[in-house]
Amino acid sequence: MKTALLSADVPGDVARAASLLRAGQAVAFPTETVYGLGADATRAEAVRGIFAAKERPADNPLIVHLADAGEVERVAAAVPAVARRLMAAFWPGPLTLVLPRGPAVPDEVTCGLDTVGVRVPDHPAARALLAAAGVPVAAPSANRSGRPSPTRAAHVVDDLGGRIAAVLDGGPTGVGLESTVLDVTLDPPMLLRPGGVTREQIEAVIGPIAESSGQAERPRSPGQKYAHYAPAVPLVLVSGGRDAVVAEINRSLAAERKIGNRPAVLCALEDAAAFPAAEAVVTYGRRAAPAEIAARLYDALRAFDRLPADTVFAAGLPETGLGAAIMNRLRRAAGDREVRV
Ligand code: TXA
Ligand code: MG
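A brief report on the enclosed structure follows.

Cut-offs and rules
- Residues numbered from 1 in each chain as written.
- Chains lettered and ligands numbered in written order.
- Predicted model: local features only at pLDDT ≥ 70, side-chain atom pairs only at ≥ 80, totals over all residues.
- Heavy atoms only, no water.
- Helix = DSSP H or I, 4+ residues; strand = E, 2+ residues; numbered from the N terminus.
- Rg over C-alpha atoms; globule rule 2.2 N^0.38 Å.
- Buried < 20%, exposed > 50% of the residue type's maximum accessible area, 1.4 Å probe, protein only.
- Contact = heavy atoms within 4.5 Å.
- Areas by Shrake-Rupley, 256 points an atom, 1.4 Å probe, with all protein chains shown as cover.
- Lys, Arg positive; Asp, Glu negative; His and termini not counted.
- Charge placed at Lys NZ, Arg CZ, Asp CG, Glu CD.
- Pairing = 2+ DSSP bridges.
- Axes fitted to C-alpha atoms, helices over the stretch in contact; angles between N-to-C directions.
- Core = buried A, V, L, I, M, F, W, Y, C linked by side-chain atoms within 4.5 Å.
- Salt bridge = Lys/Arg side-chain N within 4 Å of Asp/Glu carboxyl O.

**Things to note about the overall build of the chain**
In terms of regular secondary structure, the chain is built from 10 helices and 16 strands. Its C-alpha atoms give the chain a radius of gyration of 20 Å, near enough to 20 Å, the size a compact globule of 341 residues would have. Counting the 341 residues in the chain, one finds 56% classified as buried. The contacts of the chain with a sequence gap of at least 6 include a subset with a gap of at least 24, amounting to 68%. Accessible surface, the chain: about 13,500 Å² in total, of which carbon and sulfur atoms supply 53%. Both charge centroids of the chain, one from 37 positive and one from 37 negative side chains, sit 2 Å from each other.

Written as structure tokens, this is what we have:
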């Protein structure tokens, strides 16, 4: 399949992407979080195309994207009062609400669950596309399954070029990490995936929420059980206080060198010069600017695909605010390779 490269700045291109969606094709498009791979959420066959292109496990449900909060009843059977308050506070924006599933949503979207994840993205190109398509659009992140999510159109082309009908290029995404997923069918609501809206922000609106460990045998958010966000080489997360983390990574670098390996480091900008034994150092942004780190993290992880390194040691960060989502993604990129110091 030839993948058409379209531009969000060209009105004719947005219309073309919308007509591809209406024709049942899979189209990648920018959102404020990451690029999504969209298809008509009301058509089972179109949604199956997403799973095939991404090679996504068949039990990992998709988020449905709407142009406007007023359309929520098209896909949800009911909207609890607590959801209404969150929609008013955070939509459009990086918050996905898990709601009772409506009859228009096929099993292919929810993987048979009786709930559906829904959000209104806060990105002009996404909203123009959704409005022009006129249908709810199911869209996971537009990466090959297991890879870091795409924050640029070029990342989508790297992973899915030749496998999807089109990519709508809207430049780099803003938030850089996926939406927060919150199940509001439970009381209290349960955080299933930390993301662009922080737990602290949600609790300021609706009070205390619960948090899923994500490690349960049958996780409530199936996506949380899969290895994800991984660069092409193994990544070891080193977490703890800043000085202890720097010392531990330097110890690991020396050990790797001794056995002839070429280790690399992923760390804060301020620490770029702290690892003289590293084959390469990639920085994810300034320690004091978590929003900057979120925006750059996936691009930084993808940089290791092109570097001559065989292991990456990633420096952890404090887990408050956006730091919770950043550390969730680094942990998933590491699999079980985490050293706590
Ligand atoms: O920011 C985002 O959320 C991006 C953009 C494109 O909107 N999308 C995204 O989709 O990250 P994806 O498929 O990569 O992640 C969706 C997550 C998965 O962890 C999935 O298990 C969970 O949401 N999810 C979707 N529907 C669910 C449901 N009904 N119940 C529980 N978890 C659900
Ligand atoms: Mg994803």
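**Considering unusual backbone geometry**
The omega angle of the peptide bond from W91 to P92 is -5°, so this bond is cis rather than trans. In this structure, P92 sits in the loop between α3 (81-90) and β5 (95-100). A cis amide bond, omega 0°, links D187 with the succeeding residue P188. Here P188 lies in the loop between β9 (180-183) and β10 (190-193). A positive phi angle, near 55°, is found at E55, a position not held by glycine.

**Remarks on the sheet that holds strand β3 (residues 36-40)**
Sheet architecture is open: 11 strands sit in the order β1-β8-β2-β3-β7-β4-β6-β5-β9-β10-β11, paired in mixed fashion. Only two strands of the sheet have a single neighbouring strand rather than two, namely β1 (4-7) and β11 (210-211). Note: strand β4 (residues 63-65) against strand β6 (residues 115-119), 3 bridges, orientation parallel. Opposite V64, over in β6, you have V118 as the bridge partner. Against the sheet, helix α7 (residues 199-206) contacts β5, β9, β10 and β11, and its axis sits at roughly 40° relative to β9.

**Focus on the nonpolar core**
In this structure, L97 and L182 are the most contacted members of the largest nonpolar core, which totals 45 residues. Within the residue set of this core, elements represented by two or more residues are β3, α2 (44-54), α3, β5, β6, α6 (153-160) and α7. If you tally residues by element for this core, the top one is α2, at 5 residues. Setting aside anything within four residues of it in sequence, one finds L97 in contact with A83, L86, M87, W91, V116, G117, V118, L182 and V184.

**Focus: the sheet that holds strand β13 (residues 263-267)**
The strand order across the open sheet built from 5 strands is β14-β13-β15-β12-β16, with neighbouring strands paired in parallel fashion. The outermost strands of the open sheet, each flanked by one partner alone, are β14 (280-283) and β16 (338-340). Sheet twist, expressed as the average angle between the axes of neighbouring strands with direction ignored, equals 20°. Here strand β12 (residues 235-239) runs beside β16; their pairing, made up of 3 bridges, is parallel. If you follow S239 over to β16, its bridge partner there is R340. Its contacts with the sheet put helix α8 (residues 242-258) on β12, β13, β15 (311-315) and β16, and the angle it makes with β15 is roughly 170°. Along the sheet, helix α10 (residues 323-334) contacts β12, β13, β15 and β16; its crossing angle with β12, the most-contacted strand, is approximately 140°.

**Quick word on the environment of V246**
Note that V246 resides in helix α8. Along the backbone, V246 and A315 are 69 residues apart, and their C-alpha atoms lie at a distance of 7.5 Å. In contact with V246, not counting residues within four places along its chain, are D271, A274 and F275.

**Describing the pattern of salt bridges**
The final tally for this structure, using the stated rule, is 25 salt bridges. Its salt-bridge partner being R127, residue D68 comes within 3.9 Å of it at the nearest N-O pair. Taken together, the residues D68 in the loop between β4 and α3 and R127 in helix α5 (residues 124-133) connect sequence positions 59 residues apart. Residues D107 and R101 are paired through a salt bridge, measuring 2.7 Å at the closest nitrogen-oxygen approach. Among the charged side chains, a network of salt bridges with common partners joins R147, D159, R302 and D305.

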